[in-house]
Amino acid sequence: MIKDIKGLHHVTSMAGDANTNNAFFTQTLGLRRVKKTVNFDAPDVYHLYYGDEAGTPGSVMTYFPFGQMPKGSRGVGEVGITEFAVPTGSLGFWSDRLASQGVTGLNKDTAFGETRLSFDGPDGDGFALVESEARDRAPWTGNGISHDTGILGFHGARFRLRDVDATGELLGFMGYQKGETAGDVTRYVIEGGNAADTIDLERVTGAAPTANQGAGSVHHIAFAVEDRAAQLRVREALMDTGYQVTPVIDRDYFWAIYFRTPGGVLFEIATNEPGFDRDEDTAHLGEALKLPTRYEPLRAKIEAGLPPIAN
């Protein structure tokens, strides 16, 4: 069993309009934009990162806004809901705030003893706010959001799968403990890591369609390891078990490896090092367009092709 996974690192999705995406996460949800860079494989597209003050692993939602990309269709074989943790007692504030700003899909319920508020993102993304203990996490405040109501980071994520058993076995190998089952949903929790430590697997039966990726779809979900040595141990263990894992890829702010799960979801293992302050002071994260070294000679052309984003 792998012992190096620390919970979630980040979740990366796809979007349509960059300014709509930026406004939703920085103004409606009140997260901090901690990095403005480009898709390393398609530098004509932004890669935007939102999180807490420092972009702490376990707090960061990232997006590729592809402009006129068609919306994805929801279904089986995807991360259906990305869950953020908010302070206990704050869902009344969030319900009123989201409703006043025209956010759709609002639904309050309880799962595994936790009160939660589901809602849609601007491209039909599936989200939920879950009331949780702070666990040494502090929110980014501003835009009408206080310390007592702000998003603390991720709570976890919910996958929608036909066969949850194979993915559950993988999560167990990655260090997650199988917990309670409520209806069609089984909870897995990792101990001893960060507070973004929950994965729920929803078993989908019947003739549900397979998800098709597009704007509003999760592209991949990343799990945190402390450093590159831990990442190499995880890579070796996964490959020994038969998974096809990519070589280590330098993403400037972390190193990454990727592999496809039995349920079709793309997993990444990302290092906590070096962090988002490697090329910007913490006080000014997310302000300037940052490019990988190989794209610096093309900066003028890249900047000219990207839509301006309001701060």
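Preceding block: the structure.
Computed from a prediction, not measured in an experiment: that's the story for all the values here.

Colleague: Quick rundown of the overall build of the chain? Include the residues and the values.
Modeller: A count of helices and strands for the chain gives 5 helices and 16 strands. The C-alpha radius of gyration computed for the chain amounts to 18 Å, which stays within 12% of the reference 19 Å derived for 311 residues, consistent with globular compactness. By principal-axis analysis of the C-alpha atoms, the chain measures approximately 50 × 50 × 40 Å. Taking all 311 residues of the chain together, 55% fall into the buried category. Across the chain, every contact between residues at least 6 apart in sequence was considered, and the portion connecting residues at least 24 apart equals 67%. Put simply, the chain shows about 13,000 Å² of open surface, and 48% of that area lies on carbon and sulfur atoms. Here the chain contributes 29 positively and 42 negatively charged side chains, and the mean placements of these two sets differ by 3 Å.

Colleague: I'd like a rundown of the sheet that holds strand S13 (residues 218-225), residues and numbers included.
Modeller: Taken together, the 8 strands give an open sheet; going across it, the order is S2-S3-S4-S1-S13-S16-S15-S14, and neighbouring strands pair in mixed fashion. Edge strands, defined here as strands with exactly one partner in the open sheet, are strand S2 (32-39) and strand S14 (249-250). One ladder, built from 7 bridges, connects S2 with strand S3 (residues 42-51); its direction is antiparallel. Residue pairing across strands places Arg-33 opposite Tyr-50, the latter belonging to S3. The strands touched by helix H1 (residues 18-28) within the sheet are strand S1 (8-15), S2, S3 and strand S4 (60-65), with S3 carrying the most contacts at an inclination of about 10 degrees.

Colleague: Explain H1 residue by residue, including any values.
Modeller: Residue pairs spaced three or four apart in an α-helix point in one direction, given the helix's 3.6 residues per turn. Buried within H1 are the following residues: Ala-18, Asn-21, Asn-22, Phe-24, Phe-25, Thr-26 and Thr-28. By the N-cap criterion, in which a side-chain oxygen at the helix start approaches the backbone nitrogen of a residue two or three places on, H1 is capped by Asp-17, the distance to Asn-19 being 3.2 Å. One or two residues past the end of H1 sits Gly-30, with phi positive at roughly 75 degrees.

Colleague: Let's hear about the packing of aromatic side chains: which residues, and what values?
Modeller: The description of two aromatic rings rests on the distance between their centres and on the angle between their planes. What the rule picks out here adds up to 18 aromatic pairs. Ring geometry for Tyr-243 against Phe-259: centres 5.4 Å apart, planes inclined by 65 degrees, an arrangement best described as edge-to-face. In this pair, Tyr-243 is assigned in the loop between helix H4 (228-240) and S14 and Phe-259 in strand S15 (residues 254-260), connecting sequence segments 16 residues apart. Each member of the aromatic cluster is reached from another via a ring pair, and the members are Phe-24, Phe-25, Tyr-50, Tyr-63, Phe-84, Phe-119, Phe-127 and Phe-154.

Colleague: Run through H4, naming residues and quoting values.
Modeller: Over its 13 residues, H4 runs 18 Å from end to end, which matches the ideal 18 Å to within 8%, given 1.5 Å per residue. Among the residues making up H4, those that are buried are Ala-230, Gln-231, Val-234, Ala-237 and Leu-238. Looking straight down H4, one finds its buried side chains confined to an arc of 125 degrees; they lie on one side. Opposite the buried face of H4, at more than 90 degrees from it, the exposed residues are Glu-236 and Asp-240. In this structure, the buried side of H4 is in contact with helix H3 (164-173), S13, S15 and strand S16 (266-274).

Colleague: With reference to specific residues and values, describe the sheet that holds strand S10 (residues 176-182).
Modeller: Working definition: the strands of a sheet are paired by backbone hydrogen bonds and lie parallel or antiparallel to each other. Taken together, the 8 strands give an open sheet; going across it, the order is S6-S7-S8-S5-S9-S12-S11-S10, and neighbouring strands pair in mixed fashion. Only two strands of the sheet have a single partner each, and these edge strands are strand S6 (107-111) and S10. Each strand of the sheet is rotated relative to its neighbour by a mean of 25 degrees, with strand direction disregarded. Here 5 bridges tie strand S11 (residues 185-190) to strand S12 (residues 198-203), and the two strands are oriented antiparallel to one another. Across the sheet, Val-189 pairs through a bridge with Thr-198, a residue of S12. Lying on the sheet, helix H2 (residues 91-100) is in contact with strand S5 (78-87), S6, strand S7 (114-120) and strand S8 (126-132); it crosses S7 at an angle near 10 degrees.

Colleague: Residues and numbers for unusual backbone geometry, please.
Modeller: The peptide bond linking Glu-273 to Pro-274 adopts the cis configuration, its omega dihedral lying at -5 degrees. Along the polypeptide, Pro-274 turns up in strand S16. Of note, Phe-112 is a non-glycine position whose phi angle comes to about 55 degrees, a positive value. With respect to the secondary-structure elements, Phe-112 resides in the loop between S6 and S7. Judged by relative accessible area, which is 17%, Phe-112 ranks as buried. The backbone phi angle of Arg-135 is positive, close to 50 degrees, even though this residue is not glycine.

Parameters and conventions
Note on numbering: residues in each chain are counted from 1, in written sequence order. Reporting in this predicted model follows two pLDDT cut-offs: at least 70 for local features of residues, and 80 or more for side-chain atom pairs to be given and counted; totals over whole chains, interfaces and linings ignore these cut-offs and use all residues. To get the side-chain values, take all heavy atoms of the structure and skip hydrogens and water. Put simply, DSSP marks the helices as runs of H or I at least four residues long and the strands as runs of E at least two long, and each gets a number from the N terminus on. C-alpha atoms define the radius of gyration, and 2.2 Å times the number of residues to the power 0.38 defines the globule rule. Here the term buried applies to any residue with accessible area under 20% of the maximum for its type, exposed to any over 50%, and partly exposed to those in between, with areas from a 1.4 Å probe on protein chains only. By definition, residues are in contact when any of their heavy atoms lie within 4.5 Å. Accessibility throughout is a Shrake-Rupley quantity obtained with a 1.4 Å probe, and a residue counts as covered only by protein chains that appear here. All tallies of charge rest on Lys and Arg as positive and Asp and Glu as negative; His and the ends of each chain are not included. Just so you know, the charge point we use is NZ for Lys, CZ for Arg, CG for Asp and CD for Glu. What makes two strands pair is DSSP finding at least two bridges between them. Angular values range over 0 to 180 degrees, each being the angle between N-to-C directions of two axes fitted as lines to C-alpha atoms, with helices fitted over their stretch in contact. Think of a polar contact as two N or O atoms within 3.5 Å of one another; within protein, one of them needs to be a possible hydrogen donor and the other a possible acceptor, and neighboring residues in sequence only count if both atoms come from side chains. Aromatic pairs are defined between Phe, Tyr and Trp rings, using the six-membered ring for Trp, whenever the two ring centres lie within 6.5 Å; interplanar angles under 30 degrees are classed as stacked, those over 60 as edge-to-face, and all others as tilted. By this rule, a helix spans an expected 1.5 Å times one less than how many residues it contains. Think of it as the arc spanned by the lines of direction from the helix axis to the C-beta atoms.

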